[in-house]
Amino acid sequence: RLGSHIANKESSILFIYLYCYKRKRGSMKEDIVQQFLKKGKLLTPEALDEIAKEGVASVIGEGVVVTKRKPQPETKNEIKILKNVTNTPSEISASDFSRFYKSKYEKMKNIIAGRLQKDFVSLNKIDNYREEVYAIGIVRDIREKDGKIIMELEDPTASIPVVFEGSIDDVELDDVIAVRAVSAKNMMFGKQIIFPDVPLRQPKTSTGRICVAPGLHLDEAPRQDVERIFTWIENQNIDNIFFVGDLGDATEFEALVRKYCNNKNVFVIPGEKDARNPYPSPPIKFSYARIISLSNPSMVEINGIKILLAHNFNPTMLKKRYLGKAKRITEEDNLVVEEVPDIVLFNHSPNTQIVNYKSITLANPGSVMANTNVIVIDFLTREAEQITI
């Protein structure tokens, strides 16, 4: 069967190859090649044989190389929603604050204790025996005195100062961390800061592919750029498409999905331009069933691959296992990264980024205001490919 692969139609190597190839073939194949070249299309020899044999072809876009696609493993499309923040309390009490921060501490403590096989001591058990201890707490204050850094660490039992001789990079207020320290009366001398982080592991593979599209900014982006992206998506054999915020106009977005994506699953989360509530933001409301509207942040699983969606993201969040600063109190802290993702999709900065952090693929296609890039991720190889439309 015929597939397609984007290629540079100015490629001299392909032109020479096609020229030599058609010199060897009959006039029918020469006519086929000429017809495709007139439309700015290139054919690989395999595709030419297939078209000549079948007598039909499907041609899309400009500068396309039509080729015979290698057989792919049979794909499934099993989708699970693992995280979706929908609760938005209208009133907040003092007990809600206490429950929220206790939720964060307990979740983070479980992550740290699960990763580090140490005997952690509660802060109210710190004594003056000058022995090495491990403790977990929330950073409540950071100050400098006499050339030293003093960090106030708190757990449900007590609050205690931890004195460090040098800098404490990446530590911020409200971080939950572990420390290796020497105990003293009513204080500790810090030796090491340990972040929750994610474990080293082999990248998980499965079947299928996903595509993540750039931020559309429909209230200001050139219409032809947006239409070009959707036309490309429509013609791809990819079932699951992701838009990670900054739609710009939810009504117009739904109309485009109805027109171009009526046989695909379209996942979408709000960005700053779309959110009607502070972060973490609940899903945008749509009526079209093909749109799977989720919160910012959220997590889905497709064919066993866990995908974290977070509009504004950086790798330090994986190191801290926490997705930024909450701007509102919810029933529990939903910003803790309890499950380690295989892929993280984000879209806050305008430039395209594809990086890896401990076998986790981080992909940001950028903004249509800066480019018309999409990123396609193959679950079988875990390769992420940037494609310019």
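See the structure above.
### Let's talk about the sheet that holds strand β17 (residues 353-357)
Reasoning step 1: Here six strands make up an open sheet; going across it, the order is β4-β14-β15-β16-β18-β17 and the pairing mixed. Edge positions in the open sheet fall to β4 (79-84) and β17, since each of these has one partner strand only. In this sheet, adjacent strand axes meet at a mean angle of 20° when their direction is disregarded.
Reasoning step 2: Pairing of strand β16 (residues 343-345) with strand β18 (residues 360-364), which is carried by three bridges, proceeds in the parallel orientation. The residue of β18 that forms the bridge with leucine 345 is alanine 363.

### So, the packing of aromatic side chains
Reasoning step 1: A full pass over the atoms with the stated rule returns eight aromatic pairs.
Reasoning step 2: Seen from their ring centres, phenylalanine 230 and phenylalanine 243 are 5.6 Å apart, and the 15° between their planes marks the pair as stacked. You can see phenylalanine 230 sitting in helix α5 (residues 223-234) and its partner phenylalanine 243 sitting in strand β11 (residues 240-244), a full 13 residues away along the chain. Each member of the pair phenylalanine 230 and phenylalanine 243 is classed as buried.
Reasoning step 3: Between phenylalanine 243 and phenylalanine 253 the ring centres are 5.0 Å apart and the planes differ by 80°, which places this aromatic pair in the edge-to-face class. Note that phenylalanine 243 is positioned in strand β11 and phenylalanine 253 in helix α6 (residues 250-260), a separation of 10 residues in sequence.
Reasoning step 4: By relative accessible area, which is 2% here, phenylalanine 243 ends up buried.
Reasoning step 5: Phenylalanine 253 gets classed as buried once you look at its relative accessible area, which sits at 0%.
Reasoning step 6: Cluster of aromatic residues (ring-pair linked, three or more members): Phe230, Phe243, Phe253, Tyr260 and Phe286.
Reasoning step 7: Geometry around tyrosine 322 places lysine 104 over its ring, the cationic atom sitting 3.9 Å from the centre.

### A word on the pairing of strand β19 (residues 373-378)
Reasoning step 1: Extensive coverage of β19 is indicated by the burial of five of its six residues.
Reasoning step 2: As paired strands, strand β10 (residues 209-213) and β19 are joined by four bridges and run antiparallel to one another. When the bridges of β19 are listed, arginine 209 appears paired with aspartate 378.
Reasoning step 3: For β19 and strand β20 (residues 384-388), the ladder comprises five bridges, and the chain directions are antiparallel. Directly across from asparagine 373, in β20, lies its bridge partner threonine 388.
Reasoning step 4: If you look at the hairpin formed by β19 and β20, you'll find five residues sitting between the two strands, and arginine 382 has a positive phi there, around 60°.

### What to know about α5
Reasoning step 1: With 12 residues, α5 extends 16 Å between its outermost C-alpha atoms, agreeing within 8% with the 16 Å of an ideal straight helix rising 1.5 Å per residue.
Reasoning step 2: Within α5 the residues assigned to the buried category are Asp225, Val226, Glu227, Ile229, Phe230, Trp232 and Ile233.

### Concerning the pattern of salt bridges
Reasoning step 1: Following the criterion strictly, the structure yields 22 salt bridges and no others.
Reasoning step 2: One salt-bridge network, in which partners are shared between bridges, spans Lys80, Glu301, Lys306 and Glu339.

### With respect to the nonpolar core
Reasoning step 1: Counting 31 residues, the largest nonpolar core has Phe313, Leu318, Leu323, Val344, Ile360 and Leu362 as its most contacted members.
Reasoning step 2: When residues of this core are traced back to their parent elements, those giving at least two are α4 (94-115), β5 (132-145), β8 (176-184), α7 (316-320) and β18.
Reasoning step 3: Here the element with the most residues in this core is α4; it accounts for five residues.
Reasoning step 4: Trp232, Leu256, Tyr260 and Val376 belong to the second largest nonpolar core, which has 29 residues in total.

### A look at the packing of α5 against α6
Reasoning step 1: Contact geometry of α5 with α6 gives a least axis separation of 10 Å together with a crossing angle of 40°. Crossing handedness for the pair α5 and α6: right-handed. Contact residues: α5 offers Arg223, Val226, Glu227, Phe230, Thr231 and Glu234, while α6 offers Glu252, Phe253, Leu256, Val257, Lys259 and Tyr260.
Reasoning step 2: Classifying every residue of the contact of α5 with α6 gives six nonpolar, one polar and five charged.

### Structural notes on the environment of isoleucine 292
Reasoning step 1: Within the secondary structure, isoleucine 292 sits in strand β13 (residues 291-293).
Reasoning step 2: For isoleucine 292, a relative accessible area of 22% gives the class partly exposed.
Reasoning step 3: When the C-alpha positions of isoleucine 292 and isoleucine 269 are compared, they lie 8.8 Å apart, and in sequence the two are 23 residues distant.
Reasoning step 4: Residue contacts for isoleucine 292: discarding those within four places in its chain leaves Ile81, Asn265, Val266, Phe267 and Val268.

### A short note on the sheet that holds strand β9 (residues 187-194)
Reasoning step 1: Ordered by their spatial adjacency, five strands build a closed barrel running β5-β6-β7-β9-β8, and the pairing between neighbours is mixed. Strand-to-strand twist in this sheet, taken as the mean axis angle between neighbours without regard to direction, amounts to 55°.
Reasoning step 2: Strands in contact with α4 are β5 and β8; relative to β5, the strand with the most contacts, it is inclined by about 130°.

### Quick look at the environment of threonine 372
Reasoning step 1: Among the secondary structure elements, threonine 372 is positioned in the loop between β18 and β19.
Reasoning step 2: The spatial distance from the C-alpha of threonine 372 to the C-alpha of valine 226 is 8.1 Å, given a sequence separation of 146 residues.
Reasoning step 3: In contact with threonine 372, not counting residues within four places along its chain, are Asp225, Arg228, Ile229, Ile387, Thr388 and Ile389.

Thresholds applied
- Residues numbered from 1 in each chain as written.
- Predicted model: local features only at pLDDT ≥ 70, side-chain atom pairs only at ≥ 80, totals over all residues.
- Heavy atoms only, no water.
- Pairing = 2+ DSSP bridges.
- Helix = DSSP H or I, 4+ residues; strand = E, 2+ residues; numbered from the N terminus.
- Axes fitted to C-alpha atoms, helices over the stretch in contact; angles between N-to-C directions.
- Phe/Tyr/Trp six-rings, centres within 6.5 Å; stacked < 30°, edge-to-face > 60°.
- Buried < 20%, exposed > 50% of the residue type's maximum accessible area, 1.4 Å probe, protein only.
- Lys NZ or Arg CZ within 6 Å of the ring centre and 35° of its normal.
- Expected span 1.5 Å × (residues − 1).
- Salt bridge = Lys/Arg side-chain N within 4 Å of Asp/Glu carboxyl O.
- Core = buried A, V, L, I, M, F, W, Y, C linked by side-chain atoms within 4.5 Å.
- Left-handed = near helix turned anticlockwise from the far one by under 90°.
- Contact = heavy atoms within 4.5 Å.
- Nonpolar A, V, L, I, M, F, W, Y, C, P; charged D, E, K, R; others polar.

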